[in-house]
Amino acid sequence: MTMNRILFLCVANSARSQMAEGLARVLFGSEVEVVSAGSRPSQLNPLAVEAMGELDIDISAQRSKSVDALDAARFDLVVTLCADEVCPILPGQVQRLHWPIADPAGVDPVIERDKALAAFRTARDQIEQRLRVLKALRGLAGGPAGTEEFHTSIRVGDLARSTGFYAWLLNGWPKEWTHRYATFVRPELNLNFVLLVSDGKELHHDTLYHLGLGVGSRAEVIEAYHRARAAGVHVEKPPRTTWKGTPLHELWLHDPDGNLVEIYARLTAAELAEKPADELPVFLVPNTERAT
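Residues numbered from 1 in each chain as written. Predicted model: local features only at pLDDT ≥ 70, side-chain atom pairs only at ≥ 80, totals over all residues. Heavy atoms only, no water.

Engineer: Please explain the side chain of Thr242 as it appears in this structure.
Structural biologist: Among the structural elements, Thr242 can be located in strand 11 (residues 234–242). Those residues within four positions of Thr242 in sequence are excluded, and the remaining contacts are Pro247, Leu248, Glu250 and Pro281. (Helix = DSSP H or I, 4+ residues; strand = E, 2+ residues; numbered from the N terminus. Contact = heavy atoms within 4.5 Å.)

The following block contains the structure:
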């Protein structure tokens, strides 16, 4: 998806969308044009300025703007950030995402200033993590061309980097994501795969030790290898044919958290007939093309 112009929308354009605008300007830099607006614009909330200032991001020069003055055709992506309110609508054909972030302005800062500022920090941090995931998804190279089966879910230390990796691997964006998880759904694979932010608890010994992604042929395993190298993905073992146990054409990768990922294809009858007497693995690319 082209993503060179992003619009963030909420009701008052005073807090959530303003913080999103400021965060996105820093995360995307000059590569992306960023705008925010609201259906009932008011004024920039000083607690939003303070919360962003804690990250050394100055949004004090930003101003509330009306969505009515904007043209959907200008934007590649519109992100709405309303939770309990009715979100503004920008008519037109445009890619849309909805991130329901609780309104931090619901706490009266005059009565409970610390609690109010804490609400702004929470909203800021949730928006930042979602934006980091969005950045990881922007401009991904193509992943493996075809998949036949996949198994399971894992916990990760860096949600954004891992979401970007698996979006590349599965050739598609997650169905949804928050600051705590990202969910990939591929009905044709009977897949519901979840990345969870690691909570520091020790994993049980029966927890999955690696992930498996089945493709259709030896050629697709080799193609996945070249795509992985082009994308800068760590290759643990280059593509090879193994004969012991279940005969497979296989390629082993590491995701950003060090989890092993096996891309594999089952052998055809003709390929099984090629089994060497010593049953040693047969590499599928020349030694000069292998990466570790």
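Engineer: What is the right way to read the pairing of strand 9 (residues 191–197) from this model?
Structural biologist: Within strand 9, five of the seven residues are buried, leaving the element largely enclosed by the surrounding structure. Relative to strand 9, strand 6 (residues 154–156) runs parallel, the two sharing three bridges. The residue bridging Val156 from the neighbouring strand is Val197, located in strand 9. For strand 8 (residues 181–186) and strand 9, the ladder comprises six bridges, and the chain directions are antiparallel. Residue pairing in the sheet places Ala182 in a bridge with Leu195 of strand 9. Counting the residues in the hairpin turn of strand 8 and strand 9 gives four residues, including Asn190, whose phi is positive at 50°. (Buried < 20%, exposed > 50% of the residue type's maximum accessible area, 1.4 Å probe, protein only. Pairing = 2+ DSSP bridges.)

Engineer: What exactly am I supposed to notice about helix 1 (residues 16–28) here?
Structural biologist: Working note: α-helix, 3.6 residues per turn, so residues spaced by three or four point in the same direction. Taking 1.5 Å of rise per residue, the 13 residues of helix 1 would be expected to cover 18 Å, and the 18 Å separating its terminal C-alpha atoms lies within 8% of that figure. Where helix 1 is buried, its residues contact strand 1 (5–10), strand 2 (33–38), helix 2 (46–53) and helix 3 (113–137). Where helix 1 ends, the next residue or the one after it, Gly29, has phi of about 60°, a positive value. (Expected span 1.5 Å × (residues − 1).)

Engineer: Just to check I follow, could you spell out the packing of aromatic side chains for this structure?
Structural biologist: Two numbers describe a pair of aromatic rings. These are the distance of the centres and the angle of the planes. Applying the stated criterion across every chain yields a total of six aromatic pairs. When the centroid spacing of 5.2 Å and the interplanar angle of 65° are considered together, the rings of Tyr166 and Phe193 count as edge-to-face. In this pair, Tyr166 sits in helix 4 (residues 159–170) while Phe193 sits in strand 9, placing the two residues 27 residues apart along the sequence. Comparing Tyr166 with Phe193, the two get one shared label, buried. In textbook terms, an aromatic cluster arises when at least three aromatic residues are bridged by ring pairs, as seen for Phe165, Tyr166, Trp168, Phe184 and Phe193. (Phe/Tyr/Trp six-rings, centres within 6.5 Å; stacked < 30°, edge-to-face > 60°.)

Engineer: Is there a simple way to think about the sheet that holds strand 7 (residues 176–177) in this case?
Structural biologist: The strand order across the open sheet formed by four strands is 6-9-8-7, and the pairing between neighbours is mixed. Where the open sheet ends on each side, the last strands, each with one partner, are strand 6 and strand 7.

Engineer: How do you make sense of the sheet that holds strand 1 when you look at a structure like this?
Structural biologist: Paired through backbone hydrogen bonds, the strands of a sheet run either parallel or antiparallel to each other. On the basis of which strands lie adjacent, the open sheet formed by four strands has the order 2-1-3-4 and parallel pairing. The open sheet is flanked by strand 2 and strand 4 (95–98), the only strands paired with a single partner. For this sheet, the mean inter-axis angle between neighbouring strands, taken without regard to orientation, is 20°. Direction of pairing for strand 3 (residues 77–80) relative to strand 4: parallel, over a ladder of four bridges. (Axes fitted to C-alpha atoms, helices over the stretch in contact; angles between N-to-C directions.)

Engineer: What is the right way to read the environment of Leu253 from this model?
Structural biologist: Relative to the elements of secondary structure, Leu253 occurs in strand 12 (residues 248–254). Sequence separation between Leu253 and His234 is 19 residues; the distance between their C-alpha atoms is 5.8 Å. Sequence-distant contacts of Leu253, that is, excluding residues within four places in its chain, are made with Trp168, Leu169, Ala228, Val233, His234, Val235, Glu236, Asn259, Leu260, Val261 and Ile263.

Engineer: Is there a simple way to explain unusual backbone geometry in this structure?
Structural biologist: Leave glycine aside and you will find that most residues have negative phi; peptide bonds, for their part, are mostly trans. Look at Asn13: it is not a glycine, yet its phi comes out positive at around 50°. Mapped onto the secondary structure, Asn13 falls in the loop between strand 1 and helix 1. Residues other than glycine seldom take positive phi values, yet Glu279 does so here, at roughly 60°. By the element assignment, Glu279 lies in the loop between helix 6 (269–272) and strand 14 (282–283). Taking relative accessible area as the criterion, Glu279 reaches 27% and is therefore assigned partly exposed.

Engineer: What should I look at first to understand the packing of helix 3 against helix 4 in this one?
Structural biologist: To describe two helices that pack against each other, one gives the angle between their axes and the distance between the axes. For the pair helix 3 and helix 4, the least separation of the axes is 8 Å and the interaxial angle reads 30°. On the basis of their axis angle, the class for helix 3 and helix 4 is roughly parallel. In terms of crossing hand, the pair formed by helix 3 and helix 4 is right-handed. Residue-level inspection shows Gln129, Arg132, Val133, Ala136 and Leu137 of helix 3 in contact with helix 4, the latter providing Leu159, Ala160, Thr163, Gly164 and Ala167. (Parallel < 35°, antiparallel > 145°, perpendicular 65-115°, else oblique. Left-handed = near helix turned anticlockwise from the far one by under 90°.)

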